[in-house]
There are 2 protein chains.
Amino acid sequence: MSIDPRLHTPVYVQLADLLRTRIEAGELSPGSALPSEARLTQEHGIGREAVRMAISLLRSEGLVRTVRGHGSYVRERTERRSIELAAGSAAIARMPTGVERRDLGLDEGVPVLEVRNAQGEVEILPGDETELIRPPR
Amino acid sequence: MSIDPRLHTPVYVQLADLLRTRIEAGELSPGSALPSEARLTQEHGIGREAVRMAISLLRSEGLVRTVRGHGSYVRERTERRSIELAAGSAAIARMPTGVERRDLGLDEGVPVLEVRNAQGEVEILPGDETELIRPPR
DNA sequence: GGTCATTTGTACGTATGTATT
DNA sequence: GAATACATACGTACAAATGAC
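Residues numbered from 1 in each chain as written. Chains lettered and ligands numbered in written order. Predicted model: local features only at pLDDT ≥ 70, side-chain atom pairs only at ≥ 80, totals over all residues. Heavy atoms only, no water.

> Can you break down the interface of chain A and chain B residue by residue, with the values?
Taken together, the contacts link 29 residues of chain A with 29 residues of chain B. Carbon and sulfur atoms make up 60% of the area that chain A and chain B hide from each other, which totals about 2,200 Å². When residues of chain A are sorted by the area they lose upon contact with chain B, A:A93, A:M95 and A:R134 head the list and together hold 30% of the total. Our count for the chain A to chain B interface comes out at two salt bridges. Run the count over chain A and chain B and you get ten residue pairs in polar contact (both at pLDDT 80 or more). Elements supplying a minimum of two residues to the side of chain A that touches chain B: β4 (89–94) and β7 (130–133) of chain A. At six residues, the largest contribution of residues to the side of chain A that touches chain B is made by β4(A). Looking at the side of chain A that touches chain B residue by residue, the class counts come to 15 nonpolar, seven polar and seven charged. (Contact = heavy atoms within 4.5 Å. Buried area = accessible area lost by both parts, 1.4 Å probe. Salt bridge = Lys/Arg side-chain N within 4 Å of Asp/Glu carboxyl O. Polar contact = N/O pair within 3.5 Å; in protein donor to acceptor, adjacent residues only side chain to side chain. Helix = DSSP H or I, 4+ residues; strand = E, 2+ residues; numbered from the N terminus. Nonpolar A, V, L, I, M, F, W, Y, C, P; charged D, E, K, R; others polar.)

> Give a detailed account of the protein's contact with DNA strand C, specifying residues and quantitative values.
Around DNA strand C sit 23 residues, and of these A:R48, B:V11, B:Y12, B:G47 and B:E49 come closest. If you look at DNA strand C and keep only atoms within 4 Å of the protein, 65% of those are sugar or phosphate atoms. Here B:V11 contributes a backbone N or O atom positioned 2.5 Å from a phosphate oxygen of DNA strand C. At 2.7 Å from a phosphate oxygen of DNA strand C is found a side-chain nitrogen or oxygen belonging to B:Y12. Within the residue set of the surface near DNA strand C, elements represented by two or more residues are α3 (48–60), β1 (64–67) and β2 (71–74) of chain A together with α1 (11–24) and α3 (48–60) of chain B. At four residues, α3(B) tops the list of elements feeding residues into the surface near DNA strand C. Taken together, the residues that form the surface near DNA strand C break down as seven nonpolar, nine polar and seven charged. (Near = heavy atom within 4 Å.)

> Give a detailed account of the sheet that holds β4(A), specifying residues and quantitative values.
An order of β6(A)-β5(A)-β4(A)-β7(B)-β3(B) is seen for the five strands of this open sheet, with the pairing classed as mixed. The two strands at the open ends of the sheet, each matched to only one other strand, are β6 (122–126) of chain A together with β3 (81–84) of chain B. Ignoring strand direction, the axes of neighbouring strands in this sheet form an average angle of 30°. Direction of pairing for strand β5 (residues 112–116) of chain A relative to β6(A): antiparallel, over a ladder of five bridges. Bridged to A:E114 within β6(A) is A:I124. (Pairing = 2+ DSSP bridges. Axes fitted to C-alpha atoms, helices over the stretch in contact; angles between N-to-C directions.)

> Account for the pattern of salt bridges, with residues named and values stated.
Using the criterion set out here, one finds 28 salt bridges over all chains in the structure. The closest approach of N and O atoms between A:R39 and A:E43, which form a salt bridge, is 2.3 Å. Separated by four residues within a single helix, A:R39 and A:E43 lie in helix α2 (residues 37–44), roughly one turn from each other. Its relative accessible area of 48% is what places A:R39 among the partly exposed residues. For B:R59, the salt bridge identified is with B:E108, shortest N-O distance 3.2 Å. Of the two residues, B:R59 sits in helix α3 while B:E108 sits in the loop between α4 (98–104) and β5 (112–116), which places them 49 residues apart along the sequence. A single network of salt bridges, built from pairs that share partners, joins A:R94, A:E100, A:E114 and A:R116. (Buried < 20%, exposed > 50% of the residue type's maximum accessible area, 1.4 Å probe, protein only.)

> Break down the packing of α1(B) against α3(B) for me, citing the residues and quoting the values.
Residues and elements named next belong to chain B. Running from N to C, α1 and α3 point in directions that differ by 50°, and their axes come no closer than 8 Å. Judged by the angle between their axes, α1 and α3 are oblique. The element α1 and its partner α3 pack so that their crossing is right-handed. Across the interface between the two elements, V11, Y12, L15, A16, L19 and R20 from α1 touch A50, V51, M53, A54, L57 and L58 from α3. The class makeup of the residues in the contact of α1 with α3 is eleven nonpolar, no polar and one charged. (Parallel < 35°, antiparallel > 145°, perpendicular 65-115°, else oblique. Left-handed = near helix turned anticlockwise from the far one by under 90°.)

> Give a description of the protein's contact with DNA strand D that names residues and reports values.
Taken together, 23 residues lie near DNA strand D, and A:V11, A:G47, A:E49, A:R68 and B:R52 sit nearest. The protein-proximal atoms of DNA strand D, defined as those within 4 Å of the protein, are 70% sugar or phosphate. A:E49 is positioned with one of its side-chain polar atoms (N or O) 2.5 Å from a base nitrogen of DNA strand D. At a separation of 2.9 Å, a phosphate oxygen of DNA strand D approaches a polar backbone atom of B:E37.

Dropping the structure here:
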């Protein structure tokens, strides 16, 4: 599997597709490190910007987590706590603000659930650790 | 309000903060166009990459939508359809795959709701047009 | 603590491609 | 076709975080 700059598909998308395939195949397993930017740059003969855009794309999909000065890692599947949606409550999904992301310790590419109960009280829940349920009657 | 490259905060974050403030103040109202990349570059005396990173940040927060060859626009608040979470169902929030984004016509920075009913059937709903509710008893 | 190598982050410049008007 | 605007992609340089020693 290789990258061809002459194709219609942008180089960075080709690299993202390639890495995503390796992740989904389990070749890059949850928790394991992606090759460094330098390695990806050299091995595929492309520029660093294309490499960074590819990884940024995977981050925004919630597949990858990047630690500055350390590397990028395949995100592990988190445990989800089941939260019961109470009668008279409503929930929406949206991206967190910068403040919310810091407060909740959310990775990039992770939405939040905003739940509003019958009293109008709002709660913000981390999207990757929450499952909203309504119990069977 | 101005941008100072000497501050600890990166230039692109400063610009994003500045634009976000103007959006939240209503100075840049929903549907209206942000200044072009060229204008922002000139007016703030910064490079184009910093401008693009700022807008990219706002996009990932779901605040802004960018149309190639046209410009970037403040995203309008969409109407939300209320969907009842059925008994025995569960819902999670996550980012869409590339395919899902195209199929649902989602802007960047918009998550999906993945609802699984008691029969195990899965439905993917656009996060910016959906509100999950459980009716009052 | 301090230094070093590694790795990602920020920021600039330049050039060309592609979509819209 | 022309003008405008965003997208892709290269190169360069330096800053900042991390881990190893």
